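Chain by chain, the residues run as shown.
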Amino acid sequence: MLFKQQALLRQKLFVLGSLAIGSLLYLVARVGSLDRLQPLCPIDGRFGPRGQGEIPLRALQFKRGLLHEFRKGNATKEQIRLHNLVQQLPKAIIIGVRKGGTRALLEMLNLHPAVVKASQEIHFFDNDENYAKGIEWYRKKMPFSYPHQITIEKSPAYFITEEVPERIYKMNSSIKLLIIVREPTTRAISDYTQVLEGKERKNKTYYKFEKLAIDPNTCEVNTKYKAVRTSIYTKHLERWLKYFPIEQFHIVDGDRLITEPLPELQLVEKFLNLPPRISQYNLYFNATRGFYCLRFNIVFNKCLAGSKGRIHPEVDTSVITKLRKFFHPFNQKFYQITGRTFNWP
Ligand code: A3P
């Protein structure tokens, strides 16, 4: 009797074990295949006629796998040669604006199989010491990519630094330039919040926003305050227009990128002449973060770092009103130049 029960138990365990192993094997195979055939890239009809922006499937695998290793510098020269990988100068640069959503834009564009991002801000054109190192130094800072992919970097300081437009023009006069903007007063407060957090981390005290943004002698907006100056978008853009025609710029609505990222990204895909590959699948709202996060495939997704999406301090409403009134005429000019109108007050 005891022997019979033991045999029955052994049989049950065998069936359960087989089921568990079977499910595991199925899952592994499924995750593997989904990783290869990402839902953002159904194979058929994805690319136009052959040769027009066609991206080999292996590029997709590479971007999420081996390319990552290459980026980390773990590749041998032989591997790089074998896979035809190159470090390319950027075909497009996110030149600003600081706190406009530059990181979110770069990371979201990187969802596209034909885009490769430079992870760090390189500060080549705004930093004299870096610039003196020459263009080869800059190129070597770029990630490895396939020749048909485009490299994008972002350094928001470029937008407001005097020397940068001429320097970029000298590198590539037909480069595409992306500017992501937010309602100017909100952007200025976001800028202040970042600096404030830095001071607090070092246990330092700092002025209130109101004190910095308003000149105590005149009670007018303090145009010497950098966070205010940066938000006068038209002034900076006018400097850039001495070198590049307006067609080479694309303005991204940073406020809309927060609430509704996909249409903004689709406009950028169009501007960069990329086939539309970023889909709603790649972007999901994370209620805990209060922001959209990125989904590369069934196994790999990520949200931006906690330093993106800080809680802003309360600012006196009369100061906000004053700032909004101050920015108003500059905004009108900005709309007129760029042909893109925002509902900024
Ligand atoms: P706040 O911290 O003021 O909210 P940048 O990358 O240029 O420094 O911009 C930071 C801003 O990006 C953040 O400003 C945040 O609002 C915005 N942002 C846009 N999309 C985001 C996202 N998906 N996750 C986190 N922050 C995002």
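Above this text is the structure in question.
Here the structure is a predicted model, which means the values were calculated and not measured.

*Asks:* Kindly report on the sheet that holds strand 10 (residues 301–302), identifying the contributing residues and their values.
*Replies:* If you trace the three strands from one edge of the open sheet to the other, you get 8-9-10, paired in antiparallel fashion. Only two strands of the sheet have a single neighbouring strand rather than two, namely strand 8 (283–286) and strand 10. Strand direction decides the pairing type here: strand 9 (residues 291–295) and strand 10, joined by two bridges, are antiparallel. Bridge assignment links Leu-294 to a residue of strand 10, and that residue is Lys-302.

*Asks:* Any chance you could break down the nonpolar core for me, citing the residues and the numbers?
*Replies:* Note that soluble globular proteins tend to have their nonpolar side chains buried in a common cluster. Among the nonpolar cores identified, the biggest contains 28 residues, and Ile-95, Tyr-158, Ile-168 and Trp-240 are the most heavily contacted of them. Breaking this core down by element, the ones donating at least two residues are strand 2 (92–96), helix 8 (164–171), strand 6 (176–181), helix 12 (233–240), strand 7 (249–253) and helix 15 (317–338).

*Asks:* Hey, could you go over the sheet that holds strand 5 (residues 150–154) for me, with residue numbers and the actual values?
*Replies:* What the five strands build is an open sheet, ordered 3-5-2-6-7; its pairing is parallel. Each edge of the open sheet carries a strand with a single partner, namely strand 3 (115–117) and strand 7. Each adjacent strand pair in this sheet contributes to an overall mean axis angle of 25°, direction not counted. Summarising the sheet, strand 2 and strand 5 pair through three bridges and their orientation is parallel. Residue pairing in the sheet places Ile-94 in a bridge with Lys-154 of strand 5. Across the sheet, helix 5 (residues 102–109) is in contact with strand 2, strand 3, strand 5, strand 6 and strand 7; its angle to strand 5 comes to roughly 165°. Here helix 14 (residues 261–271) sits on the sheet in contact with strand 6 and strand 7, set at roughly 170° to strand 7.

*Asks:* Tell me about the site of the ligand, residues and numbers included.
*Replies:* Every one of the 18 residues lining the ligand counts as a neighbour, but Lys-99, Thr-102, Ser-190, Tyr-292 and His-312 are closest to it. Gly-100 is positioned such that a nitrogen or oxygen atom in its backbone is 3.4 Å from an oxygen atom of the ligand. One of the backbone nitrogen or oxygen atoms of Gly-101 is found 3.1 Å away from an oxygen atom of the ligand. Applying the majority rule of atoms within 2 Å of the grid points places the ligand in the largest pocket. Counting residues per element, the shell around the ligand draws most heavily on helix 5, at four residues.

*Asks:* Residue-level account of unusual backbone geometry, with values.
*Replies:* The omega torsion of the bond from Gly-96 to Val-97 falls at 0°, within 30 degrees of zero and hence cis. Looking at where Val-97 falls in the secondary structure, it is placed in the loop between strand 2 and helix 5. Despite not being glycine, His-123 shows a phi value in the positive range, around 50°. Take His-123: it is sitting in the loop between strand 3 and helix 6 (128–131). A positive phi is found at Cys-219, a non-glycine position, where the angle reads about 65°. Within the element layout of this structure, Cys-219 appears in the loop between helix 10 (209–213) and helix 11 (226–230).

*Asks:* Mind laying out helix 5, listing which residues take part and the relevant values?
*Replies:* Most of helix 5 sits out of view: eight of its eight residues are buried. For helix 5, every residue scored as buried is listed here: Thr-102, Arg-103, Ala-104, Leu-105, Leu-106, Glu-107, Met-108 and Leu-109.

*Asks:* Break down the packing of helix 9 (residues 184–201) against helix 15 for me, citing the residues and quoting the values.
*Replies:* Packing of helix 9 against helix 15 brings their axes to within 9 Å, and their N-to-C directions diverge by 120°. The angle between helix 9 and helix 15 falls in the class oblique. In this structure, helix 9 uses Pro-184, Thr-185, Thr-186 and Ile-189 to contact helix 15, whose residues at the interface are Ile-320, Leu-323, Arg-324, Phe-327 and Asn-331. When the residues that make up the contact of helix 9 with helix 15 are grouped by side-chain class, the tally is five nonpolar, three polar and one charged.

*Asks:* Can you lay out the packing of aromatic side chains for me, pointing to particular residues and giving the numbers?
*Replies:* Taken as a whole and judged by the stated rule, the model has 26 aromatic pairs. An angle of 75° between the planes, with centres 5.5 Å apart, marks the rings of Phe-125 and Tyr-158 as edge-to-face. With a gap of 33 residues between them, Phe-125 in the loop between strand 3 and helix 6 and Tyr-158 in the loop between strand 5 and helix 8 connect regions that are remote in the sequence. The two residues Phe-125 and Tyr-158 agree in class, both being buried. An aromatic cluster of at least three residues, connected via ring pairs, comprises Phe-124, Phe-125, Tyr-131, Trp-137, Tyr-138 and Tyr-158. The side chain of Arg-167 reaches across the aromatic face of Tyr-131, ending 4.2 Å from its centre. Lying across the ring of Tyr-281, Arg-295 places its NZ or CZ 5.0 Å from the centre.

Quick notes on the rules
- Residues numbered from 1 in each chain as written.
- Predicted model: local features only at pLDDT ≥ 70, side-chain atom pairs only at ≥ 80, totals over all residues.
- Heavy atoms only, no water.
- Pairing = 2+ DSSP bridges.
- Helix = DSSP H or I, 4+ residues; strand = E, 2+ residues; numbered from the N terminus.
- Core = buried A, V, L, I, M, F, W, Y, C linked by side-chain atoms within 4.5 Å.
- Buried < 20%, exposed > 50% of the residue type's maximum accessible area, 1.4 Å probe, protein only.
- Axes fitted to C-alpha atoms, helices over the stretch in contact; angles between N-to-C directions.
- Contact = heavy atoms within 4.5 Å.
- Near = heavy atom within 4 Å.
- Polar contact = N/O pair within 3.5 Å; in protein donor to acceptor, adjacent residues only side chain to side chain.
- 1 Å grid on protein atoms, 1.4 Å probe; cavity = no way out; pocket = protein on both sides within 12 Å on 5 of 7 lines; lining within 4 Å.
- Sits in = over half its atoms within 2 Å of the grid points.
- Parallel < 35°, antiparallel > 145°, perpendicular 65-115°, else oblique.
- Nonpolar A, V, L, I, M, F, W, Y, C, P; charged D, E, K, R; others polar.
- Phe/Tyr/Trp six-rings, centres within 6.5 Å; stacked < 30°, edge-to-face > 60°.
- Lys NZ or Arg CZ within 6 Å of the ring centre and 35° of its normal.

From the geometry alone we can't say anything about function, so treat these as descriptive.
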